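# Breakdown of the fold
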Amino acid sequence: MKEKNLNWLRWIKNGQPLQFCPSCQYGTILRLLACALEKTGLEPKQVMAVSGIGCAGWITDRYLKTDTLHTTHGRPISFATGIKLVRPDLKVIVVSGDGDLATIGTNHLVHAVRRNINLSVFCANNFLYGMTGGQAGATTPRNAITATTPQGNPEQPLDLIKLVLSLGCSMASRYPAMPIGKSPYPTIDAIVKTLKHEGFSFFEFISPCVTHFGRKNEMPNPGKLKEYLKDLLIRKEDIASSTSEPTPLAKNGKLAQGTFETLIDYLRFTEKGGQQ
Amino acid sequence: MFGKLTTKENNEVVKLEINPKLCKQCGWCEQFCPKKVFGSRGEILNAEACSKCGLCQLLCPEGAILFGEQSKERQGTIQFPACNALRSNAGRPNLLRQVSREVSKFGLGWSIQRSLSEPGPYFISGNGACVRGALDAGCQFYAGYPITPASEIMQDIVKKFGQTSIGIFIQMEDEISSVGAIIGASQTGVKSMTATSGPGFSLMQENIGYAVMTDTPCVIINVQRAGPSTGQATRPAFGDLMQAIWGCHGDSPKIVLAPTNAQECYDLTIKAFNLAEMYLTPVIILTDETIAHLRERIEIPGEIRVFKRVVPIFGDGQELTVTGSTHYSNGLRAASDPKAQQDLLDRLKEKMENIGRHPIIDINCHPENKVVIISCGFTARSVAKAVYNLGLDNKIGTAVIKMLWPFPFKEIENAVPHRAKVIVPEMNQGQLIHLIREVCHDPIPLNQTDGLPIEPKTIQAAVKSCMEKMRQ
Ligand SMILES: Cc1ncc(C[n+]2csc(CCOP(=O)(O)OP(=O)(O)O)c2C)c(N)n1
Ligand code: SF4
Ligand SMILES: [Mg+2]
């Protein structure tokens, strides 16, 4: 499939360079979102993007050509809840970081899923706090070196897909921001599905921070990062046939890639080689 | 290294171009291009191999690869809609006046509304009066979290919203998200409020500061109870005065109102919504457990003047950019520009100065006064009773401050005679007195922190001993 139609570019504000580090994948997340939004048939005025604080909070603020609200650290879901209640006709999306949505803001994520508020939440998981200099967070893989875990992270990371599914979320996806396979189109299709879903939907982009996570963990460039992601992620179709060996940084196994609708669904795919 | 390349295949011309202003030489294109057209630093090595799949244009994080004919991406200057500028300039009276004249024909700006309840006398608590005031002012969104002694406000408003089917209610998971939700709702165009007490008010501070920064109208009622920490949940205090005025980090001025009885709970709640909408700012109403639970007679008028916001809201298709980071008047984030920071703070300060031109204070002073008692909240009623009991006609003056911020420095300075002694009774260890010291010489504190209201006789005793000392 080729993307010759460039109408999706109308979702991105013209004329400004992005403020992310070189090799950061957040710019690509912006583009994938724009492409998927175009495919949903929505118009920019029907969409409202809410983000929190962190590098990931900048993916939409300033750059997405819709109404944008750049909120406080950890709280974008609560602002989005207020907006969605007043304007149920708007498509309200939340785009923010792993630290924002799933460490300081986990409480709000949990309750938004429980309430089944009709939001699409996109988490840009770069495995740590990028903006503040690369400290470990709730999603940092076991043994990873970060600014606050110089000996390796001793804590167990949070599996966000398992978390939201266990709370009753009926659409949760995990994909890398940069395609590690042949094409990004399955990712875009999954984003479209997430956006079109009735009820709370969750999407996790795996997009390791090259500056802080990559450099400290022997993958300072896109080539090495891609190898790492190829090792870390396993498509749900491939799980049955894999003989998954633990990868160096994800000692407890691999992360399943795909779209999941129930916890049982997820566990069935991940019981073999999945993160336990 | 960079540049244009044109490949020819079946006589079809394809342009492949890298914008050197945007390319950060990160090397992702080398990874994702299936035909290995790019090198590791974004250089085009092998244009002939290009199969025109367009992946590079889609995936390049910087949008630096221009492919095919649509090469216009990220060129030219950014155009931010004027509506952002209008938002951040509201609170400047000239602009407001000009705008409200234009919009009055659309039902925005000032209008006269009928009250929801039948006009006439009612016998209700301060909390109940706040709810009626909010509804009559047009509040349509409430998000909150239970806490004594404020919970009745939430319980009452959800019932009223149900009866009239005009409002949206949500019980949030904490006070942080309660303020988040009312800011979201408010930016989407509806009048919004929440209510809490000390512990919840402390949690709210960060998002209240966000509302100041983003010019978001909203009303927050703090029914004060005895602290610190959990303290005594069913006992009154006035210990949050400083926090209400200066609680958030950074200079973040906002309006603080303090009613003294149920009637004022009603009136000042309406005022709070009007000020919030006019000046685009959060307004905090400080009551306490005594006012909140004391049932009194109030009079509801038939017609109420309400103000409806005149600036753009979310969902209008205007591409509003709203951020709590420092921003220019067009809404664009300004991460480190000193001028942007200075301008923004100046503007917030100017907004407060404009509001301060209309102070809310009851002054009852006379040049002959020997003693002036300055108070706020429920304590003002004990002061009134004490003055009445003492019966010393011209000797005692009073000032009751109902808008605590912007603080009526000028009004107090002008009203209090130079030779008079000032007494400041408060249900805390001394907070209001710090502000009074700015304009009055050596005021006398009268603090009570046992979780009970200050009784008139306590104030009478203080006045007497003060007068005695003056005589000596
Ligand atoms: C209440 C509060 N605490 C701490 C911070 C400092 N802070 C800013 S960004 C950030 C981390 C963001 O991490 P994440 O959400 O993962 O985004 P990333 O930068 O990794 O994309 C922190 C802790 C803050 N802004 N507010
Ligand atoms: S610090 Fe990490 S997440 Fe933030 S912009 Fe740089 S690479 Fe991206
Ligand atoms: Mg992060």
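Fair warning: this is a prediction, and the values are worked out from it, not measured in the lab.

## Quick notes on the overall build of chain A
Counting secondary structure elements, chain A contains nine helices and eight strands. What you see for chain A is a C-alpha radius of gyration of 17 Å, in line with the 19 Å of a compact globule of 276 residues. For the C-alpha atoms alone, the extent of chain A along its principal axes is close to 45 × 40 × 40 Å. A buried classification covers 65% of the 276 residues belonging to chain A. A separation threshold of at least 6 residues defines the contact pool for chain A, and within that pool the share at least 24 residues apart is 67%.

## Remarks on the domain arrangement of chain B
By the assigned domains, chain B splits into domain 1 (1-71), domain 2 (114-309) and domain 3 (361-471). Placing a centre on the C-alpha atoms of domain 1 of chain B and another on those of domain 3 of chain B gives a separation of 76 Å.

## Side note on the coordination of the magnesium ion (ligand 3)
Residues and elements named next belong to chain A. Within the protein, Asp 98 (OD), Asn 126 (OD1) and Leu 128 (O) serve as the donor atoms for the magnesium ion (ligand 3), at 2.0 to 2.2 Å. Mapping the donors of the magnesium ion (ligand 3) onto the primary sequence gives the spacing D-x27-N-x1-L. Taken together, the positions of Asp 98 in helix α3 (residues 98-104) and Asn 126 in the loop between β4 (120-125) and α5 (160-166) put the pair 28 residues apart, joining distant regions of the chain.

## What about the packing of helix α2 (residues 76-86) of chain A against helix α7 (residues 175-187) of chain B?
Across the interface, α2(A) lies against α7(B) with an axial gap of 6 Å and an inter-helix angle of 45°. One element, α2(A), and the other, α7(B), form an angle in the oblique class. The crossing of α2(A) and α7(B) is right-handed. Judged by residue contacts, Ser78(A), Phe79(A), Gly82(A), Ile83(A) and Val86(A) of α2(A) engage Ser177(B), Gly180(B), Ala181(B), Ile183(B), Gly184(B) and Ala185(B) from α7(B). Residues of the contact of α2(A) with α7(B), tallied by class, amount to six nonpolar, five polar and no charged.

## Concerning the UniProt feature "domain: Thiamine pyrophosphate enzyme TPP-binding" (unreviewed entry) in chain A
Under the UniProt annotation, the feature "domain: Thiamine pyrophosphate enzyme TPP-binding" (unreviewed entry) is placed at residues 61-204 of chain A. Each end of residues 61-204 of chain A is marked by a C-alpha atom, and these two atoms are 19 Å apart; helix forms 33% of the span and strand 18%.

## Quick word on a positive patch on the surface
On the surface, Lys370(B), Lys395(B), Arg419(B) and Arg471(B) cluster together to form a positively charged patch. As for its position among the elements, Arg419(B) is in the loop between α14 (409-415) and β19 (421-426).

## Considerations on the packing of aromatic side chains
In the structure shown here, the tally under the stated rule is 16 aromatic pairs over all chains. With centroids separated by 5.2 Å and ring planes inclined at 80°, the aromatic side chains of Trp110(B) and Phe307(B) adopt a geometry described as edge-to-face. Highlighted residues: Trp110(B) in strand β4 (residues 109-114) and Phe307(B) in strand β13 (residues 303-308), separated in sequence by 197 residues. A network of ring pairs unites the aromatic residues Phe122(A), Tyr175(A), Phe203(A) and Phe205(A) as a single cluster.

## Section: the nonpolar core
In terms of nonpolar packing, the biggest core is built from 148 residues, with Phe202(A), Met193(B), Ile374(B), Leu404(B) and Ile436(B) touching the most fellow members. Tallying contributions element by element places helix α10 (residues 262-279) of chain B first for this core, with eleven residues. Summarising the domain contributions, this core has at least three residues from each of domain 2 (114-309) and domain 3 (361-471) of chain B. Contact partners of Ile374(B), with chain neighbours within four places excluded, come to Ala399(B), Ile401(B), Ile412(B), Val416(B), Val422(B), Ile423(B), Val424(B), Pro425(B), Leu432(B), Ile436(B) and Cys440(B). Among the nonpolar cores identified, the runner-up in size contains 78 residues, and Leu6(A), Tyr26(A), Val37(B) and Ala64(B) belong to it.

## A look at the site of ligand 1
In the vicinity of ligand 1 lie 17 residues, with Tyr26(A), Asp98(A), Asp100(A), Asn126(A) and Gly130(A) positioned nearest. Each of chains A and B places residues next to ligand 1. Between ligand 1 and Leu128(A), the relevant distance is 2.9 Å, taken from an oxygen atom to a main-chain nitrogen or oxygen of the residue. Here Met131(A) contributes a backbone N or O atom positioned 3.0 Å from an oxygen atom of ligand 1. Contact with the protein chains removes 77% of the 590 Å² of surface that ligand 1 exposes when unbound. Partitioned by chemical class, the residues of the shell around ligand 1 number seven nonpolar, seven polar and three charged.

## Structural notes on the interface of chain A and chain B
Residue-level contacts link 64 residues of chain A with 60 residues of chain B. In total, about 5,400 Å² of surface goes out of reach between chain A and chain B, with carbon and sulfur atoms giving 59% of it. A salt bridge links Glu173(B) to Arg115(A), with the shortest nitrogen-to-oxygen separation between them at 2.8 Å. Our count for the contact surface shared by chain A and chain B stands at 29 residue pairs in polar contact (both at pLDDT 80 or more). Where the side of chain A that touches chain B is concerned, the elements lending two or more residues are α1 (26-39), β2 (67-70), α2, α4 (106-115), α6 (185-196) and α8 (222-232) of chain A.

## Description of the site of ligand 2
Residues and elements named next belong to chain A. Neighbouring ligand 2 are the residues Phe 20, Cys 21, Cys 24, Tyr 26, Cys 55, Asn 126, Gly 130, Cys 209, Val 210, Thr 211 and His 212. In terms of residue count, the dominant contributor to the shell around ligand 2 is helix α7 (residues 210-216) (three residues). Across the shell around ligand 2, the residue classes tally to seven nonpolar, four polar and no charged.

## Overview of the sheet that holds strand β3 (residues 91-97) of chain A
Ordered in space as β7(A)-β8(A)-β5(A)-β6(A)-β4(A)-β3(A)-β1(A)-β2(A)-β14(B), the nine strands form an open sheet in which the pairing is mixed. Looking along the sheet, the strands with just one partner apiece sit at the ends: β7 (233-235) of chain A together with β14 (321-323) of chain B. On average, each strand axis in the sheet is tilted by 25° relative to the strand beside it, whichever way the strands run. Alignment of strand β1 (residues 47-51) of chain A against β2(A), held across four bridges, turns out to be parallel. Looking across to β2(A), one finds that Met48(A) is bridged to Asp67(A). Contacts between α1(A) and the sheet are confined to β1, β3, β4 and β6 (201-206) of chain A, with β4(A) contributing the most and set at about 155° to the helix.

Rules used throughout
- Residues numbered from 1 in each chain as written.
- Chains lettered and ligands numbered in written order.
- Predicted model: local features only at pLDDT ≥ 70, side-chain atom pairs only at ≥ 80, totals over all residues.
- Heavy atoms only, no water.
- Helix = DSSP H or I, 4+ residues; strand = E, 2+ residues; numbered from the N terminus.
- Rg over C-alpha atoms; globule rule 2.2 N^0.38 Å.
- Buried < 20%, exposed > 50% of the residue type's maximum accessible area, 1.4 Å probe, protein only.
- Contact = heavy atoms within 4.5 Å.
- Domains from an automatic or database assignment.
- Donors = N, O, S within 2.8 Å, 3.2 Å for Na, K, Ca; no water.
- Axes fitted to C-alpha atoms, helices over the stretch in contact; angles between N-to-C directions.
- Parallel < 35°, antiparallel > 145°, perpendicular 65-115°, else oblique.
- Left-handed = near helix turned anticlockwise from the far one by under 90°.
- Nonpolar A, V, L, I, M, F, W, Y, C, P; charged D, E, K, R; others polar.
- UniProt positions renumbered as here; feature names shortened; annotations may be inferred.
- Patch = residues over 30% accessible without salt bridge, like charges linked within 9 Å, V, L, I, M, F, W, Y side chains within 5 Å.
- Areas by Shrake-Rupley, 256 points an atom, 1.4 Å probe, with all protein chains shown as cover.
- Salt bridge = Lys/Arg side-chain N within 4 Å of Asp/Glu carboxyl O.
- Lys, Arg positive; Asp, Glu negative; His and termini not counted.
- Charge placed at Lys NZ, Arg CZ, Asp CG, Glu CD.
- Phe/Tyr/Trp six-rings, centres within 6.5 Å; stacked < 30°, edge-to-face > 60°.
- Core = buried A, V, L, I, M, F, W, Y, C linked by side-chain atoms within 4.5 Å.
- Near = heavy atom within 4 Å.
- Polar contact = N/O pair within 3.5 Å; in protein donor to acceptor, adjacent residues only side chain to side chain.
- Buried area = accessible area lost by both parts, 1.4 Å probe.
- Pairing = 2+ DSSP bridges.

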